[in-house]
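Results of the structural survey
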Amino acid sequence: MNKFGVAITALAAVFIAVAADEGPQPLASVRWHVRAAASPATAGTLTASWNDGRARITVDVPAIADDDPLTGATAHFRYFIADSVAWQGDITLAYTDARPAVSIVIKADGGGAVAELGAEACSKTFDIVYDLEDPGAADAAVQGAELIRNDMTVRRRPAPQFSRFADVDSLIAAVRTSADPAEGCWRYLDRDMRPEKAVPGGFYTLATVADGNGGYEIVYLGGATQNAGAWQPLRLKGRLVPSGFAGNYDLAWQAADGRGCPPESYAVVDAYTGTLTLYFPLLGASMRFRKLR
């Protein structure tokens, strides 16, 4: 193992050690780039593995001598899930850089994961599986080539925050006797969104509770269908921050995977109709909730 592979494995091992005491440490996103320089006359292989080896990609690193000026060089790749080949094929590479090399780039976030393969430009992109809930260790290895890049950038999900109430019953009792129309329990009513841009993480039941600073905590009570195991009752789903207009609030909201909502999001509490509407303009999406009496 070269020094780069050792470094990234050691970093990932920290995640595993923490997980042993506190459970898996979910990630919001990963971007990982490994790159191997071709040798003059001998073909090599570059391998990237992740999730404690539960998935990996291998790709040929053609020798510089095999790069035809007209047709380029052919490299075979294979994508494994456990010990089974989930996808394989050939890509055509052209060595135009001063130091010919082949890259594997892994990108993963709440919307999915992809792998990109290529030399100086991306020659192949395909969907992969990357477990962000239990990321485990990642590692890179080479044979017959030199590993010249192995860097990973990860973004952690924010630690869950919970309501100050001891249990759901005490929270419900407090908001149902409140004279504040913005406090209450709310159940999913409907949505207006395009599936290619946004999908609901569940058919939520929520509570809004005054935070003592003019705003409100949005407390999750139930209904998650995506990443449901991470959403225990009383976890904060978001916040309503006064915007200066009656019934209108700036919205902080956590998606099912823990990511924050896009900027410019806002919410409207309509006391007359008994609805809470969440607006996400940059996603062209909205969700409505009806107040439970």
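Higher on the page you've got the structure.
Just so you know, the residues in each chain are numbered from 1, in the order the chain's sequence is written. Where local features are concerned, this predicted model is filtered to residues with pLDDT of at least 70; where side-chain atom pairs are given and counted, the filter is 80 or more; whole-chain, interface and lining totals use all residues. Where side-chain values are given, they derive from all heavy atoms of the structure, hydrogens and water being excluded.

**Overview of the packing of aromatic side chains**
- Any Phe, Tyr or Trp ring, taking Trp's six-membered ring, that has another such ring centre within 6.5 Å forms a pair; planes under 30 degrees apart are called stacked, those over 60 apart edge-to-face, and the others tilted. For the structure shown, the criterion picks out twelve aromatic pairs.
- Measuring from centroid to centroid gives 5.0 Å for Tyr188 and Phe203, while their planes differ by 75°, and the two rings are edge-to-face. One end of the pair, Tyr188, is in strand β11 (residues 184-192); the other, Phe203, is in strand β12 (residues 202-210), with 15 residues separating them in the sequence.
- Measuring from ring centre to ring centre gives 6.0 Å for Tyr204 and Trp253, while their planes differ by 65°; the resulting arrangement is edge-to-face. Taken as a pair, Tyr204 in strand β12 and Trp253 in strand β15 (residues 248-253) lie far apart in primary sequence, 49 residues in all. Both residues of the pair, Tyr204 and Trp253, count as buried.
- Taken together through their ring pairs, the aromatic side chains of Trp50, Phe77, Tyr79, Phe126 and Tyr130 make up a single cluster.
- Two conditions define a charge located above a ring, namely a distance within 6 Å from the ring centre to NZ of Lys or CZ of Arg, and an angle within 35 degrees of the ring normal. One cation-aromatic arrangement involves Arg56 over Phe80; the distance from NZ or CZ to the ring centre is 3.9 Å.
- Geometry around Trp231 places Arg235 over its ring, the cationic atom sitting 3.8 Å from the centre. Think of it this way: any DSSP run of H or I at least four residues long counts as a helix, any run of E at least two long counts as a strand, and we number them from the N terminus. Classification of residues uses two cut-offs on accessible area relative to the type maximum, computed with a 1.4 Å probe and protein chains only: under 20% is buried, over 50% is exposed, and between them is partly exposed.

**Focus on the sheet that holds strand β8 (residues 122-128)**
- One open sheet holds the five strands; their spatial order is β8-β7-β6-β1-β10, and the pairing between them is antiparallel. The sheet is open, and its two borders are formed by β8 and β10 (146-156), each paired with just one other strand. Neighbouring strand axes in the sheet, compared pairwise and without regard to direction, differ in orientation by 10° on average. Whether two strands pair comes down to DSSP finding at least two bridges between them. Structural elements are reduced to axes, namely lines fitted to C-alpha atoms, with helices fitted over the stretch in contact, and the angle between N-to-C directions of any two is expressed from 0 to 180 degrees.

**Section: the sheet that holds strand β3 (residues 55-61)**
- The five strands are arranged β5-β4-β3-β2-β9 in an open sheet whose pairing can be described as antiparallel. Edge strands, defined here as strands with exactly one partner in the open sheet, are β5 (84-93) and β9 (139-143). Each adjacent strand pair in this sheet contributes to an overall mean axis angle of 15°, direction not counted.

**Some words on the side chain of Ser286**
- Within the element layout of this structure, Ser286 appears in strand β18 (residues 285-291).
- Apart from the residues within four sequence positions on either side, Ser286 is in contact with Arg191, Asp192, Met193, Thr277, Leu278 and Tyr279. The criterion used for residue contact is that any of the two residues' heavy atoms lie within 4.5 Å.

Purely spatial values, then, with no claim about function.
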